[in-house]
Amino acid sequence: MSNGAAELPLLEVENLEVSFFTPDGVVPAVQGVTFSLARGRTLALVGESGSGKSVTSYSILRLIQPPGRIVGGRMLLRSARAGDIDIAQLGEESEMLYKVRGGLVSMIFQEPMTALSPVHTVGSQIAEAILIHQKLSTAQARELTIEMLRKVGIANAEQRYDQYPHELSGGMRQRVVIAMALVCKPELLIADEPTTALDVTIQAQILGLIKTLQRELGCSVLLITHDFGVVAQMADDVAVMYRGQIVERGDVRAVLKNPQHAYTRALLDALPSRRHAALQSARVATAAEMSAEVKA
């Protein structure tokens, strides 16, 4: 069996520790988190609010702000373009960290209005990301931006380029954020609750768009969500987080079919479809019991 680099995971996180140093003491937010993400696959980090999902994802881009701090662990990115990088060891002013953020690793934030500047046009914000990471002229960056806006399904891309975020709908703003995240063709895309602020119809469109662009670009996706319905639709593998730790991980079909941890089972039982099925089963059982009593 070959041990070539292509068979190694794109990302390996080992024993990640993140704590917040508050006036009232140290609060551990992520405790010994370990997982890997294969090339071209989607790994879902799933758990309720406060479980440590977003803190884990922000750590990969070194976006943890004081009083938070990464206090231990390794985050190894095996980049095809830049070689092996231990992100945890990069200095804050490191040129490599600069290349990682937005170039090798990009992020879709859960609320597009906070991810976009309200005083700059959407096109200029995407073009800026291009100019930071690629040696292109302003005119070339504009053309590439317009092409990317079309790719994410925005009609009249030339006109939208010069519009401000408040002039777009929520779904269109999220498409702009996706365009910004993918325009530099990252090897790893982190999607942090990418459909939280959207209605159900738009959610399905956005998730479908992410899957389509992932296949086209060949990138890996780390999906942050609390919704097992999204996990079932999007992920190849899943890691369940609870109180800062991963309590279960594996192939998504295996975990959905036969969850091993009580917390995973509780999350699955909270799905509307599961509750509906359980209610229907209870109704059928009750009707059968009543029928038996009548016959008796």
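This text goes with the structure placed above it.
This structure is a prediction, so every number in the text was calculated from the model and none was measured. (Residues numbered from 1 in each chain as written. Predicted model: local features only at pLDDT ≥ 70, side-chain atom pairs only at ≥ 80, totals over all residues. Heavy atoms only, no water.)

Engineer: How would you summarise the overall build of the protein if you had to cite specific residues and measurements?
Structural biologist: Of the regular secondary structure elements, the protein holds 12 helices and 10 strands. Partitioning the contacts of the protein with sequence separation of at least 6, the portion at a separation of at least 24 is 66%. Surface accessibility of the protein: about 15000 Å² in total, with carbon and sulfur atoms responsible for 52%. (Helix = DSSP H or I, 4+ residues; strand = E, 2+ residues; numbered from the N terminus. Contact = heavy atoms within 4.5 Å. Areas by Shrake-Rupley, 256 points an atom, 1.4 Å probe, with all protein chains shown as cover.)

Engineer: I'd like a description of the sheet that holds strand 3 (residues 42-46), backed by residues and values.
Structural biologist: An order of 6-7-8-3-9-10 is seen for the 6 strands of this open sheet, with the pairing classed as mixed. For this open sheet the edge positions go to strand 6 (105-108) and strand 10 (245-251), each flanked by a neighbour on one side alone. Sheet twist, expressed as the mean angle between neighbouring strand axes with direction ignored, is 15°. Across 5 bridges, strand 3 lies against strand 8 (residues 220-225) in parallel orientation. Its bridge partner lying in strand 8, Leu43 is registered against Leu222. (Pairing = 2+ DSSP bridges. Axes fitted to C-alpha atoms, helices over the stretch in contact; angles between N-to-C directions.)

Engineer: So, the packing of aromatic side chains: which residues are in play, and what are the values?
Structural biologist: To describe a pair of aromatic rings, you give the distance between the ring centres and the angle between the ring planes. Under the counting rule described, the total for this entry stands at 2 aromatic pairs. Ring centres of Tyr58 and Phe109 lie 6.1 Å apart, and the angle between their planes is 75°; on these two criteria the pair is classed as edge-to-face. Of the two residues, Tyr58 sits in helix 1 (residues 53-60) while Phe109 sits in the loop between strand 6 and helix 3 (112-115), which places them 51 residues apart along the sequence. Here Tyr242 and Tyr263 contribute two aromatic rings whose centre-to-centre distance is 4.4 Å and whose plane-to-plane angle is 35°, an arrangement assigned as tilted. Placement of Tyr242 in strand 9 (residues 237-242) and of Tyr263 in helix 11 (residues 262-269) is noted, with a sequence separation of 21 residues between them. On the basis of relative accessible area, Tyr263 is assigned to the buried category, the value being 10%. Between the NZ or CZ atom of Arg142 and the centre of the ring of Tyr161, over which it lies, the distance is 4.2 Å. (Phe/Tyr/Trp six-rings, centres within 6.5 Å; stacked < 30°, edge-to-face > 60°. Buried < 20%, exposed > 50% of the residue type's maximum accessible area, 1.4 Å probe, protein only. Lys NZ or Arg CZ within 6 Å of the ring centre and 35° of its normal.)

Purely spatial values, then, with no claim about function.
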